[in-house]
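# A look at the structure
Below are the chains, spelled out letter by letter.
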Amino acid sequence: MFDLHSSIKNSKIEGLSRILSSYKVDYDDITVELGLSVDVYSVRLSLGTRVGRLERILPEIGMRLRSHSDPIGLVNSSDGVYSISVQTNQILSRDLESFKVDLLKDSDLLCPVVLGVDKSGSSMISDLSKMPNLLIGGVPGSGKSMLLHSIIASCIANGSDLYLCDPKLVEFSLYKGNSSVRSISYGVDDFRVECSKLIRVMNDRYLKISSKGCSNFSEYNEVRGGFFTRGGVMKPSVLIIDEWADIYLEDKSVEKLVCTIAQKGRAAGIFVILATQRPSSNILSGLIKGSFPARIALKTSTAVDSRVVLESSGAEKMTDPGTGLYRDSYTFHPKLFRSPLVCRESVLDFIGN
């Protein structure tokens, strides 16, 4: 019986095999995992064949396989293969409202946020309490604002308290007056006050948590009669900074305040999301990067900037706004995803206004 799926896989494997042979890259085996938008090839190189030899021909592989963008290559040392992700079609996003059911159905997540859809079209819902802090980098027009609005709407929907920093003055104006938004700061002085307030909240929470013999805010809520989503008393708090470079370059001393919250806030249920359109090494110091284990890189201008955010290249090859790479604190290999489609009306519908 004719198997169309196997026939397509064999055809794609044969196509890559011809390309590798023509460039004299020796290999032992090739397998492929077909996706709606991305095909992932796993190449087991022959002994004596250097990975760099394969990496140098990635643009040629993309051209020959009609890739939507340059292929992304990653060494998968645990499996002993080199993975090549070839984007065959544009990753189709979904409207923010369509994620609401997925966001609220999993009660085990303490602070769920919508990131978008993965390469197979499935919803990507992550738990901020497990990240526990998120660093986002991308050039202007890469979709950073859409992703931030998706995260803010998610935090409002799951009942978190929000502390927003908006140096551009207009990015978060939509959330003025919302009961979940505790404050919005617009300059360095306001931001420093906001951080000091959060540190006091964090210290007060630690006193309450230790008084009950608990180790974190979720245990404390269980002792007090349930998680926050079911009537608990200690809700997650999230500090979201829209443009870190504007704040940092004006007063570098705020870095210490942000890192204090990021390093100590997890057990108290306080998390930090930091975004910047200038993900360079002079903006994102080693102290900042060490405090933010979860990373998202949207389109970056260079491979160097991609490495600053992700510790690996690949983000410079993104083509569509909202498409990026996500790496959590537990995995080394980044995941390709696309953020939700966000507009003013969809945000208001999502948060119930």
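Structure: see above.
Notes on the structure follow. Because the structure is a prediction, the values reported are computed rather than measured. Counting of residues starts from 1 at the beginning of each chain's written sequence and follows it residue by residue. Local features in this predicted model are restricted to residues of pLDDT 70 or higher, and side-chain atom pairs are both shown and tallied only at a pLDDT of 80 or more, whereas totals for entire chains, interfaces and linings draw on every residue. Excluding hydrogens and water, the side-chain values take into account all heavy atoms of the structure.

## Quick word on the pattern of salt bridges
Between side chains of opposite charge, a pair can form when the charged atoms approach closely. Here, a salt bridge means any side-chain nitrogen of Lys or Arg that lies within 4 Å of a carboxyl oxygen of Asp or Glu. What the rule picks out here adds up to twelve salt bridges. When the shortest N-O distance is used, the salt bridge between Glu-171 and Lys-168 registers 3.3 Å. The residue Asp-242 makes a salt bridge to Lys-168 at a minimum N-O spacing of 3.5 Å. Residue Asp-242 is found in the loop between strand 10 (237-241) and helix 8 (244-250), and its partner Lys-168 is found in the loop between strand 8 (161-165) and strand 9 (181-185); the two are separated by 74 residues along the sequence. In this text, helices come from DSSP runs of H or I with a minimum length of four residues, and strands from runs of E with a minimum of two, each type numbered from the N-terminal end.

## Concerning the pairing of strand 1 (residues 27-33)
As paired strands, strand 1 and strand 2 (residues 38-45) are joined by six bridges and run antiparallel to one another. Following the sheet pairing, Ile-30 is matched in strand 2 by Val-43. In this analysis, strands are considered paired if DSSP registers two or more bridges between them. In this antiparallel pair of consecutive strands, strand 1 and strand 2, the connection spans four residues.

## So, the sheet that holds strand 4 (residues 81-87)
As summarised here, the arrangement of the four strands in space is 1-2-4-3, forming an open sheet in which the pairing is antiparallel. Only two strands of the sheet have a single neighbouring strand rather than two, namely strand 1 and strand 3 (72-76). Strand-to-strand twist of the sheet, defined as the mean angle between neighbouring strand axes without regard to direction, takes the value 20 degrees. Pairing of strand 2 with strand 4, which is carried by six bridges, proceeds in the antiparallel orientation. Bridging from a neighbouring strand, Val-43 pairs with Tyr-82 of strand 4. Any two residues having at least one pair of non-hydrogen atoms within 4.5 Å are treated as being in contact. The angle between two axes is taken between their N-to-C directions and runs from 0 to 180 degrees, where each axis is a line fitted to C-alpha atoms and a helix contributes only its stretch in contact. Each of strand 1 and strand 2 is contacted by helix 1 (residues 4-22), which is oriented at about 140 degrees to strand 1, the strand it contacts most.

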